[in-house]
Amino acid sequence: MIPSLRQHKRMDSAFIPAATASADAAVSRSHGPRKPNLRSVPRHDLYGKVHAGLRACMCEALTAAARMDPDDPADIAGIVMRMHELVALFSSHLANEDAFVHPAMEARRPGSTARAAHDHAEHVAGFAVLTRDVDALRRASAHARADVAATLCRDVAAFVAANLVHMAAEEHDHNAVLWDTHTDDELRAIEVSIVASIPPSKVPAHLRWMVPALPPQERLAMMRKLRAFAPPALFDASLAAVEPHLRDREWMKLVEALSAA
Ligand SMILES: [Fe+2]
């Protein structure tokens, strides 16, 4: 519990209402066709922060798989838990895109999600492969464990590679479509719907990856939104989930800034 950092204002299941508005609203506009310029056009980005967390999750999983000692039960248990966490996180993310983002794109630009839909089907197959690998690892005899671990390592690497390419395509190609066909207020409304669909009990597990993966100012902005709109217990739980994954200096910056405002 970190009561000094609370400034609860109201209950709201959509506790990160992309509409923090003033600054964001200033870039809201109606749009004709335009070329995306990812560096200079300050449009609302549905993907960037979420993908930062997912990249951190899968890259850490890849490293952990490579370092695993197949003869150490604690390492085996750790990698099994990590892989289940990865599959749950990515499954949730994929379902959100399918439920909220792709229908919005298809409604205004039919066919624009065809590549992503194909990728998502492959990712679902990837979840099954990783789940199979960790089940095999748990059951493997001492004699076979090193080979099974090597298979898991290769399959995680393939999963990471495919998802890195997929995310880059979404951030460029999907944002180009979304920015051509939706205003920033409409994009924020989609984001609010996604956030509202996440059960509060699952929120800390998402923020545990996303918040540490962001630069300090974005990290602070996200936690300020959470404090402003989420129940205090959820803010406390999320902050506690984030803390172990920040360096001391990063944690102090965050706590000091939250305490100041
Ligand atoms: Fe996707």
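Everything below is about the structure printed above this text.
K.L.:
So what's going on with the overall build of the protein? Which residues, and what values?
P.N.:
Helix and strand counts for the protein come out as 10 helices and zero strands. Within the protein, buried positions represent 45% of all 261 residues. Contacts in the protein between residues at least 24 apart in sequence constitute 79% of all its contacts with a sequence separation of at least 6. Carbon and sulfur atoms form 59% of the exposed surface of the protein, whose accessible area is close to 12,900 Å².

K.L.:
Can you break down the coordination of the iron ion residue by residue, with the values?
P.N.:
Each protein donor to the iron ion is listed here as Glu97 (OE), His120 (NE2), His166 (NE2) and Glu170 (OE); together their distances run 2.0 to 2.3 Å. Geometry at the iron ion is irregular, judged from its four donor atoms and the angles of 83 to 170° they form at the metal. Mapping the donors of the iron ion onto the primary sequence yields the spacing E-x22-H-x45-H-x3-E. Separated by four residues within a single helix, His166 and Glu170 lie in helix H5 (residues 145-181), roughly one turn from each other. You'll find His166 and Glu170 in the same group, each marked buried.

K.L.:
Describe in detail the nonpolar core, supporting the description with residues and values.
P.N.:
Among the nonpolar cores identified, the biggest contains 29 residues, and Ile79, Met83, Leu86, Phe90, Leu137 and Leu152 are the most heavily contacted of them. Taken together, the elements giving at least two residues each to this core come down to helix H2 (48-67), helix H3 (73-108), helix H4 (114-139) and H5. In terms of residues, this core owes the most to one element, H3, which gives nine residues. The residues touching Leu86, leaving out its near neighbours within four places in the chain, are Cys57, Met58, Ala61, Leu130 and Phe159. Residues Leu226, Trp251, Leu254 and Val255 belong to the second largest nonpolar core, which totals 22 residues.

K.L.:
Talk me through the side chain of His93; I want residue IDs and the actual numbers.
P.N.:
Secondary-structure assignment places His93 in helix H3. For His93, the residues in contact, after removing those within four places along its chain, are Val50, His51 and Leu54.

K.L.:
Kindly report on the pattern of salt bridges, identifying the contributing residues and their values.
P.N.:
For the structure shown, the criterion picks out 13 salt bridges. Salt-bridge contacts for Asp135 lead to Arg138; the nearest nitrogen and oxygen are separated by 2.9 Å. Taken together, the positions of Asp135 and Arg138, both in helix H4 and three residues apart, correspond to about one turn of that helix. Look at the salt bridges and you will find they share partners, linking Glu60, Arg82 and Arg208 into a network.

About the thresholds
Residues numbered from 1 in each chain as written. Predicted model: local features only at pLDDT ≥ 70, side-chain atom pairs only at ≥ 80, totals over all residues. Heavy atoms only, no water. Helix = DSSP H or I, 4+ residues; strand = E, 2+ residues; numbered from the N terminus. Buried < 20%, exposed > 50% of the residue type's maximum accessible area, 1.4 Å probe, protein only. Contact = heavy atoms within 4.5 Å. Areas by Shrake-Rupley, 256 points an atom, 1.4 Å probe, with all protein chains shown as cover. Donors = N, O, S within 2.8 Å, 3.2 Å for Na, K, Ca; no water. Tetrahedral: all angles 85-135°; square planar, octahedral: opposite > 155°, others 65-115°. Core = buried A, V, L, I, M, F, W, Y, C linked by side-chain atoms within 4.5 Å. Salt bridge = Lys/Arg side-chain N within 4 Å of Asp/Glu carboxyl O.

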